[in-house]
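# Breakdown of the fold
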Number of protein chains: 2
Amino acid sequence: MKKFNEKEILGLEKSYRIKLINSITGFKSANLIGTSNKEGQSNLAIFSSVTHLGSSPPLVAMFSRPHTVARHTLKNIQETGLYTINHINESMAKKAHLTSARWPIEVSEFGACGLTEDYEESFSAPYVKESLIKLGVELKEIHDLSINQTVLIIGQIVEIICPETSLMTDGFCDLEQCQTLTISSCDSYHKTERLFRLSYAKTNKKLREVPLEGDLEEN
Amino acid sequence: MKKFNEKEILGLEKSYRIKLINSITGFKSANLIGTSNKEGQSNLAIFSSVTHLGSSPPLVAMFSRPHTVARHTLKNIQETGLYTINHINESMAKKAHLTSARWPIEVSEFGACGLTEDYEESFSAPYVKESLIKLGVELKEIHDLSINQTVLIIGQIVEIICPETSLMTDGFCDLEQCQTLTISSCDSYHKTERLFRLSYAKTNKKLREVPLEGDLEEN
């Protein structure tokens, strides 16, 4: 086994450290954030930090670096209070990765990267047509994290669009059916293979594998 | 496609909504958090919210619900300022899931779930022997998120332990070699299959797939 101590970690060459630290927290969600500014110009940016924050109310968190390409996303979210979260699948992964280039603010990454803007009547931020799972989100809170000048963005999910067939009877949404990918480090894209769903853990009960469609014994 | 609006989302039956909202933010990291209290009693809890926050300094974020089983973890982190992050792999996934049961505070989930405490001389929080990638973390900040009474825990990675062979020449750590899993919703465990690593995205350059060991052209 290789072991790095604090001094060795801080002494690593910058690009090596970025790739290492981005790997070792585990697999990440793979999403495109769709926004538009007050004038209606669209923007699209890849985020691997989208994280479930709570179900009641349905809240989602993500982290943004204010001084990178993501600043257009943050600025638009602050201006309009709205954004979309769009799952990245295999057929669009390279286009999604390309949104991370430093596109000028007057260029929409939709057109530049070959992805299609899609609008619902009910929501003014742009969705990505190529995604199979899409969320409309309303900004709730922004927290500046002074420790490293990142920003925690918390939003409430106000719209969910997904294939009817991906919804199991107990509410579980089958991401594999929607070809949702996962990311590791800064540049590695992975598909997944389900091992099992497990029963709700109890101290006095043996764990069971449960069917994909839900835990029938529990209901 | 199925579409839920805000009213429909808020009106969903509670357990259905929990499984749905936990699914639709995408795949999550799969980690066990190891802690001990001031008296040295160990605790182990599964977290799927561990997220990369920055590389300089190397920071990691996670969210905790203060009023669930995770409260033992939070309390220990507040008491000692230290915790470990241990990747969940296939051979230990069921034991890892079992840590989410409501074990009494005097019971260590290590023993109750059949996992092995492991200590480094340099660090007083317990590691999980069965994990192949392990991080020693020092608490930096705790933010109470009043919006839903969760807590954001930010720590600095001060120790990294991983197989020598999993480290590529550019710092990328190959999680698949370490059998690290990913989680969807509350109870589904997945292994992964790499599609590709991609070159650093630039507006004036075609994206390339790069070898697992790193982008040789860029160096």
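Above this text sits the structure in question.
So, a few notes on the structure that sits alongside this text. Values in this document were obtained by computation on a predicted structure and should not be read as measured data. (Residues numbered from 1 in each chain as written. Chains lettered and ligands numbered in written order. Predicted model: local features only at pLDDT ≥ 70, side-chain atom pairs only at ≥ 80, totals over all residues. Heavy atoms only, no water.)

Residues and elements named next belong to chain A. Bridging between strand 7 (residues 82-87) and strand 10 (residues 134-145) involves five bridges; their strand directions are antiparallel. Bridged to Asn86 within strand 10 is Lys134. Pairing of strand 10 with strand 11 (residues 150-162), which is carried by 11 bridges, proceeds in the antiparallel orientation. Among the inter-strand pairings, Leu139 is bridged to a residue of strand 11, identified as Gly155. (Pairing = 2+ DSSP bridges. Helix = DSSP H or I, 4+ residues; strand = E, 2+ residues; numbered from the N terminus.)

Here we take up the packing of aromatic side chains. By the definition in use, this model includes five aromatic pairs over all chains. Plain terms: the ring middles of Phe63 of chain A and Phe63 of chain B are 6.3 Å apart, the flat faces sit at 5 degrees to each other, and that makes the pair stacked. You can see Phe63 of chain A sitting in strand 6 (residues 58-64) and its partner Phe63 of chain B sitting in strand 6 (residues 58-64), one on each of two chains. For Phe63 of chain A, a relative accessible area of 8% gives the class buried. Considering the side-chain rings of Phe123 of chain A and Tyr127 of chain A, the 6.0 Å spacing of their centres and the 40 degrees angle between planes classify their relative orientation as tilted. (Phe/Tyr/Trp six-rings, centres within 6.5 Å; stacked < 30°, edge-to-face > 60°. Buried < 20%, exposed > 50% of the residue type's maximum accessible area, 1.4 Å probe, protein only.)

Listed by partner, the interface residues are 105 residues for chain A and 105 residues for chain B. Roughly 9,400 Å² is buried in total at the junction of chain A and chain B, and carbon and sulfur atoms are behind 66% of that figure. At the junction of chain A with chain B, the criterion picks out eight salt bridges. Asp187 of chain A is the salt-bridge partner of Arg197 of chain B, the closest N and O atoms lying 2.9 Å from each other. (Contact = heavy atoms within 4.5 Å. Buried area = accessible area lost by both parts, 1.4 Å probe. Salt bridge = Lys/Arg side-chain N within 4 Å of Asp/Glu carboxyl O.)

This part takes up the pairing of strand 8 (residues 117-120) of chain B. Residue and element names in this part refer to chain B. When strand 8 meets strand 9 (residues 123-128), the two strands line up antiparallel, connected through three bridges. By the bridge assignment for strand 9, Glu117 is matched with Val128. In this antiparallel pair of consecutive strands, strand 8 and strand 9, the connection spans two residues.

Residue and element names in this part refer to chain B. Tracing the backbone shows Gly34 in strand 3 (residues 31-36). For the pair Gly34 and Phe110, spaced 76 residues apart in sequence, the C-alpha to C-alpha distance is 9.1 Å. Residues within four places of Gly34 in sequence aside, it is in contact with Asn43, Leu44, Tyr83, Thr84, Asn86, Ala125 and Pro126.

Cis geometry is adopted by the peptide bond preceding Pro57 of chain A, which originates at Ser56 of chain A and carries an omega value of 0 degrees. Here Pro57 of chain A lies in the loop between strand 5 (51-55) and strand 6. The residue Ser185 of chain B is not glycine, and still its phi comes out positive at about 50 degrees. Structurally, Ser185 of chain B can be placed in the loop between strand 12 (182-184) and strand 13 (188-198).

Bringing the side chain of Ser49 of chain B into the picture now. As for its position among the elements, Ser49 of chain B is in the loop between strand 4 (42-47) and strand 5 (51-55). Take Ser49 of chain B: its relative accessible area is 8%, and that puts it in the buried class. In this structure the side chain of Ser49 of chain B is engaged in a polar contact, spanning 3.1 Å, whose partner is the backbone nitrogen of Phe63 of chain B. Each residue touching Ser49 of chain B, except ones within four places of it in the same chain, is listed here: Thr51 of chain A together with Ser29, Ala61, Met62 and Phe63 of chain B. (Polar contact = N/O pair within 3.5 Å; in protein donor to acceptor, adjacent residues only side chain to side chain.)

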